[in-house]
Each structure stands twice: as C-alpha cells, then as structure tokens.
Amino acid sequence: MVDTINKNLVSFLEEKATELRINILKMIHAAQSGHPGGALSAAEIITTLYCHEMRINLDNQRDPDRDRFILSKGHACPVLYSVLAMKGFFPIEELATLRKINSRLQGHPDMKKTPGVDFTTGSLGNGLSIGIGMALMGKLDKKDFRVYVMLGCGELDEGIVWEAFMAGTKFKLDNLVVIIDYNKLQLDGDNDEVMPLEPIVDKLEAFNWNVIRTNGHDFNQIIKAFAKARETHNKPTVIVADTIKGKGVSFMENKVDWHGLAPDDEQLKIALEEIRGS
Amino acid sequence: MQTASMRSAYGESLVEIGQKNKNVVVLDCDLSKATKTSLFAEKFPDRFFNMGIAEQNMMSFAAGLASCGKIPFATTLAVFASMRPCEQIRTSICIGNMNVKIGAPYGGLCTGENGPTHQCIADINTMRGLPNMTILAPSDATSCKACVLWAAQHKGPVYIRVLRDNEPVIYSKASEVDVLSGNRLKDGNDIVIFSNGFTSHMAVVAADLLEKEGISVTVHDIISVKPIPEKAVISMAKKCGAVMTVEEHNIYGGLGSAIAEVVSQKCPVPMKILGVSDYFSDSGSHQSLLQRAGLTVENIVKQTKSLLNKKE
C-alpha cells in the first residue's frame, strides 16, 4: 500500500510546504529575530505530520484522543506556528506578532499560550522524555493516539536524550515516533566539529529502536517512513531524516550563520522570490 | 519521646492515595527501597515506573504523564531530586504548571555519614526560585502524610521535602495538620520561632525550657515554605515583636529568607535566622552535623535570649 503514494497528495503537500516556508521567513523578518535555518529544514516533515499523518481535532483542540507532537528543538517554532495557523488553530495574521510582547506566539513553544502546541519546550533535550511519558500514558489507558517528537541533531549532545532513548525501549512504545531533523549543523558549526554524532544509525540501533533513515525533504520517503513506523510493534521508531539547514533559500542553505539570524528587507524579498519560483 | 519514620509515612501515604485515585502513578530513580516507594510498587506494579538512575528524564517524563491526566509522584533523594533535574523541573513542569509531585526523602543533614554529596541543604532555595512551585517541608511522619494527601488533590507542581527515620511525632492525626497556614505548637508573647522539618520538635523543647525561665515563646511549624503563610507570619511577628527561624537548610534562601522577606517588608522586628551557615559539611552522624550547625535545643535557647536583648 505504501508503495503507491498518490501523486495528488504529494503535490498538495509540496504546496503546503511552500506556504510554510513563506510564512516562516515573513514572521522571522517581522520579529527581526528567530531561527530560520532549523525551521526551514523541518518544513516537509512538519507538513507531512500535520497535513497527512497526525490525527488532530480542530473542534476540540485538547481532545484527549488526539495525536501529540512535541517540537523538542523548540527554537524551530516558526515552522510549527506556521502549520498551526494554516490548519486554523489561530489566524494567519497573528504570525506577525511572533516574539513581541503580549503575543501568544512565544520565542519558544508554550502550551499554555499558543493554541495547538502540545507541550512547552525550548531548553534542548527534554522533548523525548515528555513524549515517552505521553506514549506510556496512552498504553496505560489503552488509548490509540500516537506521539511524535522532533529532535534536532545538535540536541543529541544532551545526556537526557539518551536516558530517554533507554526508557523508550524499556516501555516498548510502538506508539512513539521520533524524527531527527539531521541537518548536520548546530550553532557553533558542523556537528562533526562541535560534538561528533556518527555513527548515528548504529547508536540508535544499539538502543534497540526501529531505525529508519530517510530524505527529510522527499515526501514519498517521509510518508513511507511514518507508515513503516505504524507497522512496527513492541519498539519505538526513530526516523533519521537527512535534511538541509535553511532549505529552500539558496543563501541560507547549509550556512550555519542562518541558525539564528533574521533576514532584512532585501534578503526577504530575494528569499520569497526563490521559494515562490521553485 | 515517640518517633516515627517519615519516609515510611511517605510510602504508605502513596499507597493510600493510590487506592483512592487510579490516576496516581509513582516514579523512582533506582532508590525505591530507600524512598519507600517500594510499598507502592508492591501494591500497584502497573502504576510504578523505575526510571533508572536518570533524574532528568524522570522529571520531563513525569510532565508528559501529567499532561495526559496522570498524577505522578516523581521520587528520589532530595539532593538529587532538587538539583540534578532542576532545569527539567523548571522547563517541563513549572512553566506549564504541570500536575507533577516531587517526593524528596532524605532532606537536610540526615544522610550525614554519606558526606556533603548526599547532604541536602540547598533544595528549598533552589525550588523557591521557580514560579508555580509549592514547597512543603513537613516536620514529622503525620504531617508528611498530610502533605502527600494535600499534594494529590492540589493542581500544580509540589515539592515535598521528606526526612528519613525516627523523627519525633508532633501531630497525632493528619487531619489536624494545616498544611498551608502551618500550625501553632506553642503559644507565647515574647518571641516567635518559625521552624519546620526536624528542627520543629527542638524548637518546642527549647520553648518549654525558656518558659521555665519566664520567657514566653510562640512556636509555629511552617510546613508550606512557598506559598509562605504571610498573614500568620505578620500577626505573630507583630504580637511577639521578635522573630527567630530554625531550619535544617542553608541560612540563605530557605525558610529564614522566606520569613525575612515578609517581616522586613510588612512588620520589621528584630530577627535571627538559624540554620547551616553556608558551608558544606563532612561525613558524620546526623546528630554531630546538627551540633556543628548549631541546630540544638541549647543553641536555640541561647539565640533566643540573645535576640530578646535586641528587642526594644
């Protein structure tokens, strides 16, 4: 079934991802601060989650049976806010208030302030532990919701992440999917320079997780990876998604300087032309 | 003097609330035999989760459980519960006001022989800086039970500082304990002693001795360090005109500081903070470490007299 993915679905998702990128850049430009690189690298994965994979309920946003998503790499929240606005959790116009006083859109995700945000994050490394708690609760109460956690690659430097990987195995959480946005850059430079991660797949397999490596910008592959996770039993899945930091804007791609930098007027104009043209 | 074990009271109380409420779950970091969460684990194996020696993961994991309606009691030794995962307590629990209870046995100096790595004199101050956190420091096994029962029905994070074994019994029934306002253990007019934990019974003994010398002392057992029962503090400080605090904690940032914040701004009177004077101690018996800190009946008597001399 997963071999024949509807072409219409892929082009629909592509359109949505383009929309997300446009909104990410506009909102960071309006705030004149924020993190474009790691938001752009996650656009296809987030689009797939919210427009295809996850069960969400707009009429009852805190529906106890909804699927949950935790953006552990909280600084990438413009991509999350964009998709939440697109889905209708709050008005698109509100994106322009990002990071400003009295805004519901905080610099890092806040579950008490922003509709649709399932958990507060921002300090790196904590999201997987939270997801494991949610997934275990689902098992305890025999709920069929699924839990998705997105980790950044730099975030894997944190020890708590590996504590959580161990716990995920212990509790056999096959209702949990971790996606590593593997763009290979962190604030100070390449992962390899700052703190080498490789061999990442071997490490995760050694923790006895179901490990799937995929291209994080290819919708066909992302959709298949999530489908494969659903077919896996008695262990959690981690999708190592190879991505490009700053994806979609040529002057931002693979440039560590765009980790936490806002575009100026001219840069925004060029970036939006590129994204719309592509 | 009748004594009882606070950690046992903690474990037994968890079983009691576990029976009443199936949403209560208990987590521990490989110390369940010491913290007595083992009692809950035996009774409710499906609701007990041993998280291994990984405190940070335990706290964020507890927050995840709480976000789905569970009432987790995340438990490990006070010194590790408050410090190793402090950041997870802030970010995953306090910012979102998650319904997580942190059970922290072995608070204070009772781990004496293990040395300064295991002695816990900086947990209250660490937790006190976190908005949304309630901090309870019961003084005996009965009030410990009252705190667990209270925490289970309170919505929001609670840190419960539990002690160990052989604590003198102060209260006869948990239902008599006023967790939020604290409890007057002795009524007097010349000076008020605010205390909590192991030192509360010392304050009562000291007050009895002082009474024989004609000095009339109020002893008020403050269980809730945060929120501090401000009204009670003000009224007793005004009535007595001098305030002393006694606690098994660093003199910076604990009960003494919490009381001083009220007294200095609302009803300034002479005040003395008695506790561990900002040093790391050594291995030694609990008693010897209390002695070194000046946390003895004799010193409370002496400090009270000296403070009374400063009273106008």
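Calculation notes
- Residues numbered from 1 in each chain as written.
- Chains lettered and ligands numbered in written order.
- Predicted model: local features only at pLDDT ≥ 70, side-chain atom pairs only at ≥ 80, totals over all residues.
- Helix = DSSP H or I, 4+ residues; strand = E, 2+ residues; numbered from the N terminus.
- Rg over C-alpha atoms; globule rule 2.2 N^0.38 Å.
- Buried ≥ 20, exposed ≤ 12 C-beta atoms within 10 Å, placed from the backbone.
- Contact = placed C-beta atoms within 7 Å.
- Pairing = 2+ DSSP bridges.
- Axes fitted to C-alpha atoms, helices over the stretch in contact; angles between N-to-C directions.
- Nonpolar A, V, L, I, M, F, W, Y, C, P; charged D, E, K, R; others polar.
- Right-handed = clockwise from strand over helix to strand, strands pointing away.
- Parallel < 35°, antiparallel > 145°, perpendicular 65-115°, else oblique.
- Left-handed = near helix turned anticlockwise from the far one by under 90°.
- Domains from an automatic or database assignment.
- pLDDT = per-residue confidence, 0-100.
- Arc of directions from axis to C-beta.

Caption draft 1: Quick look at the overall build of chain B. Scanning chain B from N- to C-terminus turns up 13 helices and 14 strands. For a compact globule of 312 residues, the expected C-alpha radius of gyration is about 20 Å, and chain B comes in at 19 Å, within 12% of that figure. Once the C-alpha set of chain B is aligned to its principal axes, its extents read approximately 60 × 40 × 35 Å. Every one of the 312 residues in chain B was classed for burial, and the buried ones make up 59%. Within chain B, residue pairs in contact and separated by at least 24 positions form 79% of the contacts whose partners lie at least 6 positions apart.

Caption draft 2: Highlighting the sheet that holds strand β9 (residues 183-186) of chain B. Residue and element names in this part refer to chain B. If you walk across this open sheet you meet the five strands as β9-β11-β10-β13-β14, and the pairing is mixed. The open sheet is flanked by β9 and β14 (271-276), the only strands paired with a single partner. Adjacent strand axes in the sheet meet at a mean angle of 25°, parallel and antiparallel pairs treated alike. The strands touched by helix α11 (residues 255-266) are β10 (191-195), β13 (243-250) and β14; relative to β13, the strand with the most contacts, the crossing angle is about 145°.

Caption draft 3: Looking closely at the sheet that holds strand β3 (residues 176-182) of chain A. Residues and elements named next belong to chain A. Spatial strand order, β1-β2-β3-β7-β6: five strands in an open sheet with parallel pairing. Two strands close off the open sheet at either side, each with one partner strand: β1 (68-71) and β6 (210-215). If you compare each strand with its neighbour and ignore which way they point, the axes differ by 20° on average. As paired strands, strand β2 (residues 147-152) and β3 are joined by six bridges and run parallel to one another. Residue pairing in the sheet places Y148 in a bridge with V177 of β3. Across the sheet, helix α9 (residues 219-230) lies against β3, β6 and β7 (237-242), angled at about 170° from β6, the strand it touches most.

Caption draft 4: Spotlight on the interface of chain B and chain A. The interface of chain B with chain A comprises 20 residues on the first partner and 20 residues on the second. Elements represented by at least two residues in the side of chain B that touches chain A include exactly α4 (55-67) and α6 (86-94) of chain B. The element that contributes the greatest number of residues to the side of chain B that touches chain A is α4(B), accounting for nine residues. For the side of chain B that touches chain A, the class distribution of residues is eight nonpolar, 10 polar and two charged.

Caption draft 5: View of unusual backbone geometry. In this model, E198(A) is joined to P199(A) through a cis peptide bond whose omega is 0°. Relative to the assigned elements, P199(A) resides in the loop between α7 (191-194) and α8 (200-206). Of the consecutive residues K226(B) and P227(B), the connecting peptide bond is found in the cis state with omega at 0°. The residue P227(B) is located in the loop between β12 (224-226) and α10 (230-240) in this model. The phi dihedral of Q32(A) falls on the positive side, at around 55°, and the residue is not glycine. Relative to the assigned elements, Q32(A) resides in the loop between α1 (7-31) and α2 (36-40). The phi torsion at K36(B) lies on the positive side, around 70°, for a residue other than glycine. Along the chain, K36(B) falls in the loop between α2 (32-35) and α3 (38-43).

Caption draft 6: View of the pairing of strand β7 (residues 158-161) of chain B. Residues and elements named next belong to chain B. Side-chain alternation along β7 places V158 and I160 on one buried face and Y159 and R161 on a second face that is also buried. With four bridges joining them, strand β5 (residues 101-104) and β7 adopt parallel strand pairing. Paired with G103 across the bridge in β7 is I160. Sheet topology places strand β6 (residues 134-136) next to β7; three bridges connect them, and they run parallel. Bridging across to β7, L136 finds its partner in I160. For the crossover that starts at β6, traverses helix α8 (residues 141-153) and ends in the parallel β7, the hand is right-handed.

Caption draft 7: Up close: the packing of helix α5 (residues 127-140) of chain A against helix α6 (residues 159-170) of chain A. Residue and element names in this part refer to chain A. Look at α5 against α6: their axes get within 8 Å of each other, and the N-to-C directions meet at 25°. Looking at the two axes, α5 sits roughly parallel to α6. For the pair α5 and α6, the sense of crossing is left-handed. Every residue of α6 that contacts α5 at L128, S129 and I132 is listed here: I160, V161, A164, A167 and G168. Of the residues that constitute the contact of α5 with α6, the class distribution is six nonpolar, two polar and no charged.

Caption draft 8: Here's a closer look at the packing of helix α9 (residues 199-212) of chain B against helix α13 (residues 297-310) of chain B. All names here are of chain B. α13 packs onto α9 with a crossing angle of 55° between their chain directions and a minimal axis gap of 9 Å. Relative to α13, the element α9 is oriented oblique. As α9 runs across α13, the sense of the crossing is right-handed. Residue-level inspection shows M202, A203, V205, A206, L209 and L210 of α9 in contact with α13, the latter providing V297, I300, V301 and T304. Residues of the contact of α9 with α13, tallied by class, amount to nine nonpolar, one polar and no charged.

Caption draft 9: Highlighting the domain arrangement of chain B. Residue and element names in this part refer to chain B. Under the domain assignment, chain B is made up of domain 1 (3-168) and domain 2 (180-310). Each of domain 1 and domain 2 was reduced to a C-alpha centroid, and the two centroids are 25 Å apart. Contacts between the two partners involve 28 residues from domain 1 and, on the opposite side, 29 residues from domain 2. Elements that contribute at least two residues to the side of domain 1 that touches domain 2 include exactly α7 (123-128), β6, α8 and β8 (167-168). Class assignment of the residues belonging to the side of domain 1 that touches domain 2 gives a composition of 14 nonpolar, 10 polar and four charged.

Caption draft 10: Molecular detail of the confidence of the model for chain B. Of the residues in chain B, 100% reach a pLDDT of 70 or more, and the chain-wide mean stands at 97. Across the interface, the model reports ipTM at 0.90; the global pTM reads 0.94.

Caption draft 11: Fine view of the environment of D118(A). All names here are of chain A. Examined against the element boundaries, D118 turns out to sit in the loop between α4 (77-87) and α5. The class for D118 is buried, based on 24 C-beta atoms found within 10 Å. C-alpha separation for the pair D118 and K100, spaced 18 residues apart in sequence, amounts to 21 Å.

Caption draft 12: Spotlight on α10(B). Residue and element names in this part refer to chain B. For α10, every residue scored as buried is listed here: A232, V233, M236, A237 and C240. One side of α10 carries all its buried residues, which in axial view fall inside an arc of 120°. A positive phi of about 80° marks G241, the residue just after α10.

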